[in-house]
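Secondary and tertiary structure notes
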Amino acid sequence: MADPIITLTTDFGEASPYVAAMKGVILGINPVARLVDLSHQIPPQNVRHAAHFLALAIPYFPLAAIHVVVVDPGVGSDRPILYVNTGGHQLLVPDNGCWTKLGAAFPDPPAVRRLEAAGFWRQPVSNTFHGRDIFAPVAAHLSLGIDPEKVGPLVTEWGRLPEPRLEEKDGALIGEVDFVDGFGNLITNIPASRCEGLGQPLVVTVGTEVILRRVRTYAEVEPGVLVSLTSSEGMLEIAVNQGNASKRLRAGVGTRVTVEARH
Amino acid sequence: MADPIITLTTDFGEASPYVAAMKGVILGINPVARLVDLSHQIPPQNVRHAAHFLALAIPYFPLAAIHVVVVDPGVGSDRPILYVNTGGHQLLVPDNGCWTKLGAAFPDPPAVRRLEAAGFWRQPVSNTFHGRDIFAPVAAHLSLGIDPEKVGPLVTEWGRLPEPRLEEKDGALIGEVDFVDGFGNLITNIPASRCEGLGQPLVVTVGTEVILRRVRTYAEVEPGVLVSLTSSEGMLEIAVNQGNASKRLRAGVGTRVTVEARH
Amino acid sequence: MADPIITLTTDFGEASPYVAAMKGVILGINPVARLVDLSHQIPPQNVRHAAHFLALAIPYFPLAAIHVVVVDPGVGSDRPILYVNTGGHQLLVPDNGCWTKLGAAFPDPPAVRRLEAAGFWRQPVSNTFHGRDIFAPVAAHLSLGIDPEKVGPLVTEWGRLPEPRLEEKDGALIGEVDFVDGFGNLITNIPASRCEGLGQPLVVTVGTEVILRRVRTYAEVEPGVLVSLTSSEGMLEIAVNQGNASKRLRAGVGTRVTVEARH
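Note that this is a predicted model, so its numbers are computed, not measured.

Attention now moves to the sheet that holds strand S3 (residues 66-70) of chain A. Residues and elements named next belong to chain A. Strands sit in the order S2-S1-S3-S5-S4-S6 across an open sheet of six strands; the sheet is mixed. Two strands bound the open sheet, and with one partner strand each, they are strand S2 (34-39) and strand S6 (111-114). Recorded for the sheet is a direction-independent mean angle of 20 degrees between the axes of neighbouring strands. Both strand S1 (residues 5-10) and S3 contribute to a ladder of five bridges, which runs parallel. When the bridges of S3 are listed, Thr10 appears paired with Val70.

In structure tokens form, the structure reads like this:
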């Protein structure tokens, strides 16, 4: 049997010792745990970025993995820490809604527990670093095979992020940029399948910029050309071939995007 | 038994092939070594950052791990490379003091060896990349179980970093910023326990900025509020909830911090 | 026997979920694969940087590793994806020349296959994320031991990057900066061994700056001094001790460098 996998997603940044401390705690409890870094460059305290990140990454993992997510502006407050099982994927997350976009992808309701069994925690628990003192040791114990029931009781309420707006009005779809990837590509919350229902040809508007060129992939156009396409997850995406659409359009998460068919 | 763990801490940066070359060398000698990245974003040649990093990260690891640290402005000079066993933790470090802050945490004196047994090194040894040619192969051989005695003789002298200043004067504690984490939080060299002895309420001064708000954790205040608190390691910390104290106060490592009780 | 190693090199950046998705896909197919991050900070779409990176990193790995390289400005176009075996090292690469500098280091001709066996791919294959849909699953299947013959037919033509210019003229060698490392050191395409044939003392010119100081390693000079030396790979390198030569000389990849003996 494969040794257990624990993935780590944080906003700690690569220069900080906090990720390293968490890895040490995990390996101290379960020396055969296999650590997989997902990202430590989630923008600081950006729960929305984390939510998008998890929705795009976690579904591809085998169900045996345990995913630790520490993007936690509320650390040390009374916000709970949750054990979540959604679609069979197991996560430890602060209760700030970072996982509900992922959870929406699965038809079955999630099982959600509030971490309470302090016997699995490092003592004393600091006020500012629950990643090291709670998340890491609980993940390590789970990877050793303890029953998730033991980490705390089931709960039925949890935080959610506001849904990004998406409306249809006068035959146009009005949504927003939901994510900016490392290339500056703008991924919107507008399903490409809904764009197709509007008719042809499509006109995409971001601010004062009108994008008429619709492609299957970046390389269909010359470098520097602004296009819309379907993202690898099936959403409307705006990109510049070999360029940075976010910088070019001065657009970021939350920027309004409109799609309509040309009259 | 778990396969051996080798951790890597460097200032090489993520875009460089040097970390990758070291990983290749290690796996070429010990194919079952388990590589754990601690950080490759130590600020270039910043031995003080490395020292703080190691002190905050290494103690959490199981003793079986071997820690490779290549923050080495003196590469190729006659500065020794050391094998250090402190508190049972084993490190390979350049002799520039990067490990002595960590070592101060353990009561027993460290065992320190100067790497000399060139039979464990890649040949020829380059003048500019000892990470690949000495650190990596020696770590790999240690992970195969060779006796540390074989890597070189014991030494009794080694480099130390200057202690950051910390003085008490007229009832005030005067210290400095010792570390800036990825959120811009300022960790000082002033133990929180010593602040408590000054009386109440505490006044923290950084440059011309006076910080009166003392909290247990960031989330006790509104976003944007400047506070002092106790760091996860028990030191006086200055932070902005969901903001960046380093930028806000234009403060960095070495910036003077004063704490006193209000009269 | 050691569990199989799969290394990952991309230009996705650390904040993006794309690397994480690839890791999930690999572990979903081969749960015992050992993932080794080489870099995810290759500058976006910079195939030349990737080429240099691979040439400096891959030769140190044991031959059993499978190297996945996704620096792929042509994703979704009809550019092939290649399985390459060069010097016994196995890579999956877009056909954009990123591997030919590595390949030039080995005397035997490479075996190159064009990925065609879609049975090993995730379905449906997106137009914009072949890393997840083709590279990752094929790497995972190779790590399970399938015969490389099964991934697609041998080909005899592939893309190459233009050679950086290197000429000898009037007793001077004229080359260029081939790579800038994380410290800002400038690695040129001029073999140090050829410099030695020019005579003594050497004069290195970058733009209007003349560099007379030649050293074995950085630490031979005071911090801030500009020097030339031999890189860890045997090329002429230009550096500033504890500084950044790239910023100091405003030089980057492609900047002309001239070496001659002083008259």
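Read on, since the account is not over.
This part is about the relation of the copies chain B and chain A. One copy of the chain maps onto the second through a rotation around an axis plus a translation along that axis. Superposition of chain B onto chain A requires a rotation of 120 degrees combined with a translation of 0.0 Å along the rotation axis, giving an RMSD of 0.1 Å. Both copies are brought into coincidence by an operation consistent with a three-fold rotation axis. The overlap is low: 3% of the interface residues of chain B also sit at the interface in chain A, so different surfaces are used on the two sides.

A word on the interface of chain C and chain A. Contact with chain C, which involves 31 residues of that partner, is made by 33 residues of chain A. Between chain C and chain A the total buried area reaches about 2600 Å² when both faces are included, carbon and sulfur atoms providing 60% of it. Its largest share of buried area at the contact with chain A, chain C owes to Pro17, Tyr18 and Thr128 of chain C, together 20% of the area lost on that side. Joining chain C to chain A, the criterion identifies one salt bridge. The salt bridge partner of Arg132 of chain C is Glu233 of chain A, with a shortest N-O separation of 2.8 Å. The biggest single contributor to the side of chain C that touches chain A is helix H1 (residues 18-29) of chain C, with eight residues. Its residues assigned to classes, the side of chain C that touches chain A shows 16 nonpolar, ten polar and five charged.

A word on helix H4 (residues 130-143) of chain C. Residues and elements named next belong to chain C. With 14 residues, H4 should reach 20 Å at 1.5 Å per residue; the first-to-last C-alpha distance of 18 Å fits that figure. Counting buried positions along H4 yields 13 of 14 residues, so the element is predominantly enclosed. Looking one or two places after H4, you find Gly145, whose phi comes out positive at around 105 degrees.

Residues and elements named next belong to chain C. Its volume calculated, the largest pocket comes out at about 740 Å³. Elements with a minimum of two residues in the lining of the largest pocket: helix H2 (47-57), helix H3 (100-103) and strand S9 (186-191). Per-element accounting of the lining of the largest pocket gives the leading share, five residues, to H2.

The next subject is the relation of the copies chain C and chain A. Mapping chain C onto chain A calls for a screw motion: a turn of 120 degrees about the axis and a shift of 0.0 Å along it, with 0.0 Å RMSD after fitting. The fraction of interface residues of chain C whose copies in chain A are also interface residues is only 3%, indicating that the copies meet through different surfaces.

Gln200 of chain B connects to Pro201 of chain B through a cis peptide bond whose omega is -15 degrees. Examined against the element boundaries, Pro201 of chain B turns out to sit in the loop between helix H5 (192-196) and strand S10 (202-206). Of note, the amide linkage connecting Gln123 of chain C to Pro124 of chain C takes the cis form, showing an omega dihedral of 0 degrees. With respect to the helices, strands and loops of the structure, Pro124 of chain C is situated in the loop between strand S6 (111-114) and H4. Phi at Asp170 of chain B takes a positive value of approximately 50 degrees, unusual for a residue other than glycine. Even without being a glycine, Arg250 of chain C presents a positive backbone phi close to 45 degrees.

Basis of the calculations
- Residues numbered from 1 in each chain as written.
- Chains lettered and ligands numbered in written order.
- Predicted model: local features only at pLDDT ≥ 70, side-chain atom pairs only at ≥ 80, totals over all residues.
- Heavy atoms only, no water.
- Pairing = 2+ DSSP bridges.
- Helix = DSSP H or I, 4+ residues; strand = E, 2+ residues; numbered from the N terminus.
- Axes fitted to C-alpha atoms, helices over the stretch in contact; angles between N-to-C directions.
- Least-squares fit on C-alpha atoms with pLDDT ≥ 70 in both.
- Contact = heavy atoms within 4.5 Å.
- Buried area = accessible area lost by both parts, 1.4 Å probe.
- Salt bridge = Lys/Arg side-chain N within 4 Å of Asp/Glu carboxyl O.
- Nonpolar A, V, L, I, M, F, W, Y, C, P; charged D, E, K, R; others polar.
- Expected span 1.5 Å × (residues − 1).
- Buried < 20%, exposed > 50% of the residue type's maximum accessible area, 1.4 Å probe, protein only.
- 1 Å grid on protein atoms, 1.4 Å probe; cavity = no way out; pocket = protein on both sides within 12 Å on 5 of 7 lines; lining within 4 Å.
- Points joined across faces, edges and corners; volume = space filled by probe spheres on them.

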